[in-house]
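This is what each chain is made of:
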Amino acid sequence: MGNHSSSDRPGCDDAATWNILQRLIEKLEMGRENRWPGELPEEFVSKKLKAIVGFEIPLDRIEGKFKLGQNKSAADQAGAFAGLASETSPEGQALAKFAERYFARRVRE
């Protein structure tokens, strides 16, 4: 899903940004069979945080656009589908099946 947002609020400092990233990692890795432990060298994290603008915006509404790699090459799509198909989580399997049906329908149209 793609979206567009704007705010006049300042970005977060490195500590707050790292906290946001840790919460995101936890959310995305939760339930995965081969979970990434999220352990990174402090020097690496510090360097990478300089290139990331973390932010938190309270939202009342969000509008998005459906995105499933339809603007990518067939090779990129195949790689993404293979990755999804190898997921053991029910969510990964469901998305893989949905993507397969979605693109099969688009090819027929």
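For the structure itself, consult the block above.
Parameters at a glance
- Residues numbered from 1 in each chain as written.
- Predicted model: local features only at pLDDT ≥ 70, side-chain atom pairs only at ≥ 80, totals over all residues.
- Heavy atoms only, no water.
- Phe/Tyr/Trp six-rings, centres within 6.5 Å; stacked < 30°, edge-to-face > 60°.
- Helix = DSSP H or I, 4+ residues; strand = E, 2+ residues; numbered from the N terminus.
- Buried < 20%, exposed > 50% of the residue type's maximum accessible area, 1.4 Å probe, protein only.
- Contact = heavy atoms within 4.5 Å.

1. Quick notes on the packing of aromatic side chains
Moving on, step 1. With the rule as written, the count across this model stands at 1 aromatic pair.
Moving on, step 2. The interplanar angle of 20 degrees and the centroid separation of 6.2 Å between the aromatic rings of Phe-98 and Tyr-102 together place this pair among those described as stacked. Taken together, the residues span about one helical turn, with Phe-98 and Tyr-102 both in helix 4 (residues 90-108) at a distance of 4 residues.
Moving on, step 3. Assessed through its relative accessible area of 33%, Phe-98 is described here as partly exposed.
Moving on, step 4. Under the relative-accessibility criterion, Tyr-102 is labelled buried at 13%.

2. Focus: the environment of Leu-68
Moving on, step 1. With respect to the helices and strands, the residue Leu-68 is situated in the loop between helix 2 (42-49) and helix 3 (74-85).
Moving on, step 2. On a C-alpha basis, the gap between Leu-68 and Ser-7 in space is 27 Å, while along the polypeptide they are 61 residues apart.
Moving on, step 3. Residues in contact with Leu-68, not counting those within four places in the same chain, are Leu-95, Phe-98, Ala-99, Tyr-102 and Phe-103.

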